[in-house]
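Structural overview for review
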Amino acid sequence: MRWSENISLKKYNTFGIDATARHFAGFTSADDLAELLIRAPQPLVVLGGGSNILLTRDIEGTVLINAIGGIDLVDEDDDYCYVKVGAGEDWHGFVEHCISRDWAGVENLSLIPGSVGAAPMQNIGAYGVELKEVFHELEAFDLQDGKVRMFTVNDCRFGYRDSIFKQEYKGRFIILSVIFRLNRVPVYHTEYGAIREELEKSGIRELSIRAISEAVIRIRTAKLPDPKIIGNAGSFFKNPVVPNEQYASLKAKFPEIVGYPGPVQSTTKLAAGWLIEQAGWKGYRRGDAGVHAKQALVLVNYGHATGREIFDLSEEIQGSVQQKFGVSLEREVNII
Ligand code: EPU
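All of the points below concern the structure found in this document.

Parameters and conventions
Residues numbered from 1 in each chain as written. Predicted model: local features only at pLDDT ≥ 70, side-chain atom pairs only at ≥ 80, totals over all residues. Heavy atoms only, no water. Helix = DSSP H or I, 4+ residues; strand = E, 2+ residues; numbered from the N terminus. Rg over C-alpha atoms; globule rule 2.2 N^0.38 Å. Buried < 20%, exposed > 50% of the residue type's maximum accessible area, 1.4 Å probe, protein only. Contact = heavy atoms within 4.5 Å. Areas by Shrake-Rupley, 256 points an atom, 1.4 Å probe, with all protein chains shown as cover. Lys, Arg positive; Asp, Glu negative; His and termini not counted. Charge placed at Lys NZ, Arg CZ, Asp CG, Glu CD. Pairing = 2+ DSSP bridges. Axes fitted to C-alpha atoms, helices over the stretch in contact; angles between N-to-C directions. Salt bridge = Lys/Arg side-chain N within 4 Å of Asp/Glu carboxyl O. Phe/Tyr/Trp six-rings, centres within 6.5 Å; stacked < 30°, edge-to-face > 60°. Patch = residues over 30% accessible without salt bridge, like charges linked within 9 Å, V, L, I, M, F, W, Y side chains within 5 Å.

**Regarding the overall build of the protein**
- The number of helices and strands found in the protein is nine helices and 20 strands.
- Since a compact globule built from 336 residues should have a radius of gyration of about 20 Å, the 20 Å found for the protein is in line with a globular shape.
- The dimensions of the protein, computed from C-alpha atoms along their principal axes, are 60 × 50 × 35 Å.
- Buried residues in the protein amount to 48% of all 336 residues.
- Taking as baseline every contact in the protein between residues at least 6 positions apart, the subset at least 24 positions apart corresponds to 60%.
- Here the protein has roughly 16,000 Å² of accessible surface; of this, 47% comes from carbon and sulfur atoms.
- Of the charged side chains in the protein, 37 are positive and 44 negative; the average position of the first set lies 6 Å away from that of the second.

See the structure below:
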């Protein structure tokens with residue numbers, strides 16, 4: 001693919017941060033990528049949909065856009081369809097493709113911004129479903145030796161908004177494609193309160209993957225800012241997981257605190273949005289950096305905020321939540 005120089009990255013990150021890439025190119029296959037890497041000046045940043053990053057500086061090296069496409073049914077049996085998807089495909093486009101073919105499993109993950117290749121990086125999740133439940137395997141390019149490697153679900157070490165690609169393999173692999181294992185017969189996940197309420201409100205009598213997808217789309221549209229209109233990267237922080245004893249003492253002091261059973265026994269996952277709201281930040285705005293008025297976990301760029309301004313705001317929020325509740329918030333978004 002063609003190289004460009006001094007390109008604005010504003011339209012390549014959903015936060016809409018106007019950082020610059022010194023060198024810039026896109027790739028549509030592993031061979032294409034290998035060829036680009038021969039002459040790509042370092043440091044290297046690979047972007048998919050740019051939906052989970054905050055750019056706090058210009059990139060003096062190279063930005064490569066992963067544009068590998070394709071959605072193909074590669075195998076099937078009585079229970080499952082195995083679908084291989086290029087990492088550069090738009091996530092929601094893939095979800096719609098599945099719904100139109102009655103492949104079930106990703107309907108709760110409707111309207112999540114970003115690309116398919118970014119989804120396993122942080123094990124995207126929403127409304128009671130995580131990517132790992134429909135994941136079969138992926139192919140990734142190893143920047144260390146230029147080889148393509150397969151990763152099974154165990155290899156990926158998925159956790160809450162986490163995988164091996166955010167831990168010891170951070171920066172080492174570029175995801176090329178993902179194979180999903182989708183259900184022929186749907187298993188509906190409607191236990192998440194907001195979905196139940198939304199389905200009741202719309203008087204749905206017969207459940208379907210399309211009805212769930214539409215409910216999720218309505219919930220997300222009502223609460224989360226559309227990155228095409230207001231720059232954002234979804235939840236900026238993770239929901240913190242604390243030991244049950246700490247939750248009990250917080251609950252004694254703040255009876256309204258919101259907590260759910262944590263990912264491991266004897267832990268509670270706190271709603272970070274509630275903590276941030278109670279610390280007084282919901283709807284806060286300074287310059288063009290702010291905290292979304294309908295969901296305090298989402299930081300927003302009203303137009304011309306710099307990545308540094310958003311980052312500084314996130315530090316202040318962390319400080320005040322720590323001070324008020326003694327809980328530390330970990331960023332979910334990757335800082336570049
Ligand atoms: N809440 C508040 N104030 C707020 C926001 C939330 O009090 O400003 C409380 C409410 O009690 C609400 C509860 O927090 O009932 C949970 O809020 P919500 O259902 O909006 O979910 P969340 O925990 O804030 C997580 C994910 C979202 C995902 C939703 C739905 C993380 C970091 N975030 O948010 O994922 O869409 O659940 O499953 O786990 C993302 O990762 O980018 C993302 C948007």
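Next comes the rest of the description.
**Concerning the sheet that holds strand S12 (residues 173-183)**
- Ordered by their spatial adjacency, five strands build an open sheet running S6-S7-S12-S10-S11, and the pairing between neighbours is antiparallel. Two strands in the sheet have a free side with no partner beyond their single neighbour: strand S6 (71-76) and strand S11 (148-152). Going across the sheet, the axis of each strand differs from the next one's by a mean of 25°, ignoring polarity.
- Alignment of strand S10 (residues 135-142) against S12, held across seven bridges, turns out to be antiparallel. Its bridge partner being in S12, phenylalanine 141 is matched across the sheet by isoleucine 174.

**Describing the pairing of strand S16 (residues 267-270)**
- Residue alternation in S16 divides its side chains into two sets, Thr267 and Lys269 and Thr268 and Leu270, and both sets are buried.
- Of the strand pairs in this sheet, strand S14 (residues 241-243) and S16 are connected by three bridges, and their pairing is antiparallel. Bridge pairing in S16 links valine 242 to threonine 268.
- Taking the residues between adjacent antiparallel strands as the criterion, strand S15 (residues 259-261) and S16 are bridged by five residues, where serine 266 takes a positive phi near 65°.

**Thoughts on the pattern of salt bridges**
- The final tally for this structure, using the stated rule, is 15 salt bridges.
- Of the charged contacts in the structure, one is a salt bridge between glutamate 332 and arginine 161, with a shortest N-O distance of 3.5 Å. Placement of glutamate 332 in the loop between helix H9 (307-325) and strand S20 (334-335) and of arginine 161 in the loop between helix H4 (153-156) and S12 is noted, with a sequence separation of 171 residues between them.
- Overall, the relative accessible area of 6% leaves glutamate 332 in the buried class.

**A look at the packing of aromatic side chains**
- Enumeration according to the criterion identifies 17 aromatic pairs in this entry.
- Both rings, one in tyrosine 169 and one in phenylalanine 173, keep their centres 5.0 Å apart while their planes meet at 55°; by these two values the pair is tilted. Of the two residues examined, tyrosine 169 and phenylalanine 173, each falls in the buried class.
- Three or more aromatic residues joined by ring pairs form one cluster here, namely Phe151, Phe165, Tyr169 and Phe173.

**Description of a negative patch on the surface**
- On the surface, Asp75, Asp77, Asp78 and Asp79 cluster together into a negatively charged patch.
- Looking at aspartate 79, the relative accessible area reads 49%, which means it is partly exposed.

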